[in-house]
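Overview (structure and organization)
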Amino acid sequence: MSKADFMATAEASLLRRQLMSMVRRLRRQGSLDVLPFGLLAVLGAIDRAGGDITPTELARRENLRSSNLASALRELDASGLIRRTQDPDDGRRVRVGLSEAGEAALRRNRQLRDGWLQQALQGLSAEERGILLRAGELLERLAASEPTSIKEQA
């Protein structure tokens, strides 16, 4: 392994650890909610999908096992947090969306996480906050990139 390859690997590992640290902290803040994180994650996925999606599309988009998703949807439905409607194009299919209660639950959980982050950001200088916002743009670009497979890199 060349020195450049070693440095790139070390940088990638460092960035992954830093990102995971932030993810764990945000998850910990979100877990202060009464709803389990897994159910909140499904509500968030439905919201990101525009609030109207079939369970099959949702499972594929979020890389979820259909049995796990079905269980979560049953629980969310029983709690009144989602609504199920018949697909207008295919009456055999069901579409799911957030109910008003589901939207409120998701909003409440996001406020828990955003509130902590807002307080944490206040401890940084304006310059540091600007750097973080610019870094966030780069992170979004990284998240959207489609790297070559490991086999192609070898």
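Residues numbered from 1 in each chain as written. Predicted model: local features only at pLDDT ≥ 70, side-chain atom pairs only at ≥ 80, totals over all residues. Heavy atoms only, no water.

Going by what an unreviewed UniProt entry lists, the chain is known as MarR family transcriptional regulator and is assigned to Chromobacterium vaccinii.

**Details of the overall build of the chain**
Counting secondary structure elements, the chain contains seven helices and two strands. Secondary structure of the chain in N-to-C order comes out as α-α-α-α-β-β-α-α-α. Against the compact-globule benchmark of 15 Å for 154 residues, the chain has a radius of gyration of 19 Å, which places it well outside the compact range. Judged by the C-alpha coordinates and their principal axes, the chain covers about 60 × 45 × 25 Å. By the burial criterion, 23% of the 154 residues in the chain qualify as buried. With an accessible surface of roughly 11,200 Å², the chain has 54% of that area assigned to carbon and sulfur atoms. Charge separation in the chain, taken as the distance between the mean sites of 25 positive and 21 negative side-chain charges, equals 5 Å. (Helix = DSSP H or I, 4+ residues; strand = E, 2+ residues; numbered from the N terminus. Rg over C-alpha atoms; globule rule 2.2 N^0.38 Å. Buried < 20%, exposed > 50% of the residue type's maximum accessible area, 1.4 Å probe, protein only. Areas by Shrake-Rupley, 256 points an atom, 1.4 Å probe, with all protein chains shown as cover. Lys, Arg positive; Asp, Glu negative; His and termini not counted. Charge placed at Lys NZ, Arg CZ, Asp CG, Glu CD.)

**Here we look at the packing of helix α2 (residues 37-48) against helix α3 (residues 55-62)**
Taken N-terminus to C-terminus, the directions of α2 and α3 make an angle of 105 degrees; their axes are 11 Å apart at the nearest point. Judged by the angle between their axes, α2 and α3 are roughly perpendicular. On α3, the residues touching Val 42, Ala 45, Ile 46 and Arg 48 of α2 are Leu 58, Arg 61 and Glu 62. (Axes fitted to C-alpha atoms, helices over the stretch in contact; angles between N-to-C directions. Parallel < 35°, antiparallel > 145°, perpendicular 65-115°, else oblique. Contact = heavy atoms within 4.5 Å.)

**Things to note about the packing of helix α1 (residues 3-30) against helix α5 (residues 100-122)**
Packing of α1 against α5 leaves a shortest axis separation of 8 Å and a crossing angle of 130 degrees. It follows from the interaxial angle that α1 and α5 lie oblique. The interaxial crossing formed by α1 with α5 has right-handed handedness. Packed against α1, whose contacting residues are Met 22, Arg 25, Leu 26, Gln 29 and Gly 30, the element α5 presents Asn 109, Leu 112, Arg 113 and Trp 116 at the interface. Taken together, the residues of the contact of α1 with α5 sort by class into four nonpolar, three polar and two charged. (Left-handed = near helix turned anticlockwise from the far one by under 90°. Nonpolar A, V, L, I, M, F, W, Y, C, P; charged D, E, K, R; others polar.)

**Some remarks on the nonpolar core**
Val 42, Leu 43 and Ile 46 are the most contacted members of the largest nonpolar core, which has 21 residues in total. Among the secondary structure elements, those contributing two or more residues to this core are α2, α3, α4 (66-78), β2 (94-98) and α5. With six residues, the top contributor of residues to this core is α2. Leaving out residues up to four positions away in the same chain, Ile 46 has contacts with Gly 51, Asp 52, Leu 58, Leu 73, Ile 82, Val 96, Gly 97 and Leu 98. (Core = buried A, V, L, I, M, F, W, Y, C linked by side-chain atoms within 4.5 Å.)

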